[in-house]
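One-letter residues, chain by chain:
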Amino acid sequence: MRWLGLMITLTILSAVATAQSVDPLRDAEQCLAVITESWAATAGTAFLFERNGRSPWQQHGSKMPVVVGKAGMAWGRGMIRTENGGGPVKREGDNRAPAGVFRLESVFGYAGTSPATKMPYLPLTTSILAVNDPRSVHYNRLVDTSQIHDRDWSTAEKMILSDNRYKWGVVVAHNVPPRPGAGSCIFLHVWKSPSTLTSGCTAMTEHDLLSIIRWLDPARTPLLVQLPRPGYDTLRAKYELPSLPR
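The model shown is predicted, which means the values in this text are computed figures rather than measured ones.

Thresholds applied
- Residues numbered from 1 in each chain as written.
- Predicted model: local features only at pLDDT ≥ 70, side-chain atom pairs only at ≥ 80, totals over all residues.
- Heavy atoms only, no water.
- Helix = DSSP H or I, 4+ residues; strand = E, 2+ residues; numbered from the N terminus.
- Buried < 20%, exposed > 50% of the residue type's maximum accessible area, 1.4 Å probe, protein only.
- Core = buried A, V, L, I, M, F, W, Y, C linked by side-chain atoms within 4.5 Å.
- Salt bridge = Lys/Arg side-chain N within 4 Å of Asp/Glu carboxyl O.
- Pairing = 2+ DSSP bridges.
- Axes fitted to C-alpha atoms, helices over the stretch in contact; angles between N-to-C directions.
- Arc of directions from axis to C-beta.
- Contact = heavy atoms within 4.5 Å.

Description of unusual backbone geometry
And step 1. Cis geometry marks the peptide bond from V176 to P177, where omega comes out at -5°.
And step 2. Among the secondary structure elements, P177 is positioned in the loop between strand 10 (168-172) and strand 11 (187-190).
And step 3. Located in the positive-phi region is N95, a residue other than glycine, with phi close to 60°.
And step 4. Tracing the backbone shows N95 in the loop between strand 4 (73-75) and strand 5 (97-109).
And step 5. A relative accessible area of 27% places N95 in the partly exposed class.
And step 6. Positive phi, close to 60°, is recorded for N175, a residue that is not glycine.
And step 7. By the secondary structure assignment, N175 is in the loop between strand 10 and strand 11.

What follows is the structure, encoded as structure tokens:
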């Protein structure tokens, strides 16, 4: 019986190791690359890439200016292991955008109908909040408060604001499943201005964001690859990331 238990344990560990070694971009046919020049940089450039199957990546459209967190970037919880990646690690309230590889899950906006996207679309209302309280069971989620009776959070962000910041947005699958304190409610959204930084999201012009939203296709497994350029260059060969224009 001890031998059987040992074999089961080894099999589980082997399966976990195999899963962690799988190329996270293996099935992806759309890649949004957001690149800054350093961990502390607060502005960067976004590129769109696409491919058919495992064919070489091709750039789609032109590069786009973006802003990230007020404190730059830090390693987030996404699809690749980052324990030995160097650089800071993302924490709740650190004003850093998460670095790594993340799925792009859905789209939201102020409009009652979808802006010609293939992605799942959530029309925002005044009852929808982004919960950022690590002690809440709803941490790192958009919730409709009209459907929740056990409001166990002390802090949350309204999604309909007096500006156009969340007029359109894309949900980034960061810190999923949520680990308390590892960072919450990360989006691509409209910037207030080229010089207005974020608390951890990635922001751009409304025109560029709408172009991305219309381009995204869940059937093509779209991913966000967000990294300082040195980190991107290090991981490019390992994960077959697209080559960046210079």
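Some details on the nonpolar core
And step 1. L32 and L104 are the most contacted members of the largest nonpolar core, which totals 48 residues.
And step 2. Residue contributions to this core peak at six residues, all from strand 5.
And step 3. Counting ten residues, the second-largest nonpolar core is a separate cluster that includes A130, Y166, C185 and C201.

Notes on the pattern of salt bridges
And step 1. Applying the stated rule across the entire model yields twelve salt bridges.
And step 2. In this structure, R220 and E29 form a salt bridge, with 3.3 Å as the shortest nitrogen-oxygen distance. Here R220 is found in the loop between helix 2 (206-215) and strand 13 (222-228), whereas its partner E29 is found in the loop between helix 1 (2-21) and strand 1 (30-36), with 191 residues between them in sequence.
And step 3. On the accessibility criterion, R220 (17% relative accessible area) is buried.
And step 4. Across the pair D217 and K118 runs a salt bridge, and its minimum N-O distance is 3.6 Å. Here the residue D217 occupies a position in the loop between helix 2 and strand 13, and K118 occupies one in the loop between strand 5 and strand 6 (121-123), the gap between them amounting to 99 residues.
And step 5. Look at D217 and you get buried, because its relative accessible area is 14%.

Examining the sheet that holds strand 7 (residues 128-131)
And step 1. Spatial strand order, 8-7-9: three strands in an open sheet with antiparallel pairing. Single-partner strands in this sheet number two, and they are strand 8 (141-144) and strand 9 (156-158). Mean inter-strand twist for the sheet, computed between neighbouring axes without regard to direction, equals 35°.
And step 2. Summarising the sheet, strand 7 and strand 8 pair through four bridges and their orientation is antiparallel. Counted as the bridge partner of A130 is L142 from strand 8.

As for helix 3 (residues 229-239)
And step 1. Among the residues of helix 3, R229, G231, Y232, L235 and Y239 are the ones counted as buried. Down the axis of helix 3, the buried side of the element spans an arc of 135°, and every buried residue falls inside it. Opposite the packed face of helix 3, turned more than 90 degrees from it, sit the exposed residues T234 and A237.
And step 2. Of the surrounding elements, those touching the buried residues of helix 3 are strand 1, strand 4 and strand 13.
And step 3. E240 sits one or two positions beyond helix 3 and adopts a positive phi of about 55°.

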